[in-house]
Structure formats: structure tokens, C-alpha cells
Amino acid sequence: MTGNALSEGIRLYNTNCFKDALAFFLGLPEEVHVDSMELMYYIGLCYSKLGRYEDALLYLEQVVTAGKNQDRVLQCRYILAVIYAVSGRKRLAQFELNKLLELNYRPASVYASLAYISWQQDEVEDCISYYRKALQLDSNNLTALNGLGYVLACENRDLTEALSFCKRAVDEEPDSAACLDSLGWVYYKLGLFDEADKYIRQASLLNSENDEIAEHLRLVSEHHK
């Protein structure tokens, strides 16, 4: 019965109509009997997809606390970690990610996220270790390829390896400003300023509002004639 009552909202969600799906779920009449955790799960997902993170937290945290469906709990913990990370609550993000590891939920995405959090907290060795673990699990994980290449470049370590990682990331996502910037940054660290300018300029055209890309472009422009 629950599945039938929620099916239209689930269909809208699965077709990326997140605003309409949210309106459907929130508009369900009280007399319609549904599994409250199932409803909270989908409302939380909709809010997260719409970038309404504080609203998403209210619902997803309840799904985790209830602990009724283990697969859902793991998924929601990961989404919570991502929300905490993008909203600057790095310790909370780290807690959720480590909890996932304790529960033996260890896909490459969890290690890549832990690497990102570690980098944000200046825990460089942990960051590199987590990115390498992610690539051991999934050698084509885009986040880990780009992230590890960029971190190695920033640390002036293994620049040839960093170049290989970043080239693979750009091959996978040629229109990613983040990947293009990372590749350009590796070239900058290698002293290949023409190549650095080429890729960082492309990244800037794709994301002109990014302060880090703008700073990289400024630095490269000082060397590029």
C-alpha cells in the first residue's frame, strides 16, 4: 500500500523532477497511510537534490536514527557526510564517513570524501593515503584521480604521477573546470607554463567565479608570455 501511495512521487524523483516530487511528498493527505521513514527518506533526498541542505538534514538524520533499513541508513549517512562537508562542518562529515567504514561500507567514494576532508584540515598524509585507497578500489574514480593529482602537485611530490592522474581525469571529464584546473596546475608546477595557461584558462572560462582557479590563472599569467 505504501509503495502505491508514494509511487508517483518516486517516479518524479527518478526522472529528476525533484521540485515536483517534493511537492507531491509534502502534499500527501494525512489520511493516506504510508511508512513514515520511507516518506522522510524521499523528502530528505529531494531537499538534498535541490540544495536545501538544512531541510535535508532534518529528514535524513531521522532515517539514520531510526535504523530500520540498513541500506538506507548507509546511503543517508553518506549524503549527510557530503552535506556536512560542503557546508563547512568538516568534523561532522568525518564522523559520518568513519562511521560508514566501521559499518563495513567502504566504496571508493567514501575514501575519496575522507581524503577531501583531510585535505581541508591540512592532514596531507591522510589525504594522500585515502585517495590511494579509493583508487585501489576503483582505478577510474574521477574524484580520486583529480584530487590526488592536485594534492601531489600542491605538495610538489611525484609530479609525473600527478600529471598522469590529472590527464586521466580530464580524459574522463573534458568539460570539468576542476579537472582542467588541476591539470593546468600540475603543468605549472612542472614549469610548463604554456600548457598550464591553456588548461587553467579553459577552467576559468567554465567557472569564472571560482577564486582558486582565478588565483591559479593569475600566477600562471605572471610566467606566461
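All values derive from a computational prediction rather than experimental measurement. Residue numbers run consecutively from 1 along every chain, following the written order of its sequence. Residue-level local features of this predicted model are given only where pLDDT is at least 70; pairs of side-chain atoms are given and counted only at 80 or more, and the full residue set underlies all totals for whole chains, interfaces and linings. Side-chain figures throughout are based on the complete set of non-hydrogen atoms in the structure, without hydrogens or water.

Let us look at the overall build of the chain. Check the secondary structure of the chain and you find 13 helices and 0 strands. Numbered from the N terminus, helices here are DSSP runs of H or I no shorter than four residues, and strands are runs of E no shorter than two. Along the chain, from the amino end to the carboxyl end, the secondary structure elements read α-α-α-α-α-α-α-α-α-α-α-α-α. Structurally, the chain occupies a C-alpha span of about 70 × 35 × 25 Å along its principal axes. Counting across all 225 residues of the chain, residues that qualify as buried make up 45%. Residues are treated as being in contact if the distance between any of their heavy atoms lies within 4.5 Å. Sequence separation of at least 24 residues holds for 45% of the intrachain contacts in the chain that already meet a minimum separation of 6. Note on areas: Shrake-Rupley, 1.4 Å probe, and residue coverage restricted to the protein chains presented here. Working note: accessible area of the chain is about 11,900 Å², and carbon and sulfur atoms make up 47% of it. Once the 22 positive and 33 negative side-chain charges of the chain are each reduced to a mean point, those two points are 2 Å apart. Burial classes follow relative accessibility: with a 1.4 Å probe on protein chains only, a residue under 20% of its type's maximum area counts as buried, one over 50% as exposed, and anything between as partly exposed. A positive count includes Lys and Arg, and a negative count includes Asp and Glu. His and the chain ends are not counted in either. By convention, charge coordinates are those of NZ in Lys, CZ in Arg, CG in Asp, or CD in Glu.

Once that is clear, we can look at the layout of surface pockets. Lining residues are defined by having an atom within 4 Å of a point belonging to a cavity or pocket. Those points lie on a 1 Å grid over the protein atoms alone, cavities being sets where a 1.4 Å probe fits but cannot get out and pockets being open sets with protein on both sides within 12 Å along at least five of seven lines. Grid points are joined across faces, edges and corners, and a volume is the space filled by probe spheres set on the points. Within this model, the largest pocket holds a volume of roughly 770 Å³. Forming the boundary of the largest pocket are 29 residues, of which Tyr 116, Tyr 131, Thr 143, Asn 146 and Ala 178 lie nearest the centre. Of all the secondary structure elements, the ones that give two or more residues to the lining of the largest pocket are α5 (70-86), α7 (108-120), α9 (142-154), α11 (177-189) and α13 (211-223).

Taking 1.5 Å per residue, 13 residues should reach 18 Å; α11 reaches 18 Å between its end C-alpha atoms and fits that length. For α11, a buried count of 11 out of 13 residues is recorded, marking the element as mostly surrounded by other parts of the structure. Listed as buried for α11 are Ala 177, Cys 179, Leu 180, Asp 181, Ser 182, Leu 183, Gly 184, Trp 185, Val 186, Tyr 187 and Tyr 188. Against the buried residues of α11 lie α9, α10 (159-172), α12 (193-206) and α13. To estimate the expected span of a helix, subtract one from its residue number and multiply by 1.5 Å.

Turning next to the packing of aromatic side chains. Stacked, tilted and edge-to-face are the three classes assigned to paired rings of Phe, Tyr and Trp, where Trp is represented by its six-membered ring and a pair needs centres within 6.5 Å; plane angles under 30 degrees give stacked, over 60 edge-to-face, the rest tilted. Under the definition given, this model contains 10 aromatic pairs. Here Tyr 111 and Tyr 130 contribute two aromatic rings whose centre-to-centre distance is 6.3 Å and whose plane-to-plane angle is 40 degrees, an arrangement assigned as tilted. With Tyr 111 in helix α7 and Tyr 130 in helix α8 (residues 124-137), the pair connects residues that are 19 residues apart, well separated along the chain. Of the residues examined, Tyr 130 reaches a relative accessible area of 22% and is grouped as partly exposed.

A word on a negative patch on the surface. A cluster of acidic side chains, namely Asp 171, Glu 172, Glu 173 and Asp 175, defines a negative patch on the protein surface. Along the chain, Asp 171 turns up in helix α10. To count toward a patch, a residue needs a relative accessible area above 30% and no salt bridge. Like charges then connect within 9 Å, nonpolar side chains (Val, Leu, Ile, Met, Phe, Trp, Tyr) within 5 Å. Note on definitions: salt bridges are taken to be side-chain nitrogens of Lys or Arg within 4 Å of carboxyl oxygens of Asp or Glu.

Any link to function would need more than the numbers given here.
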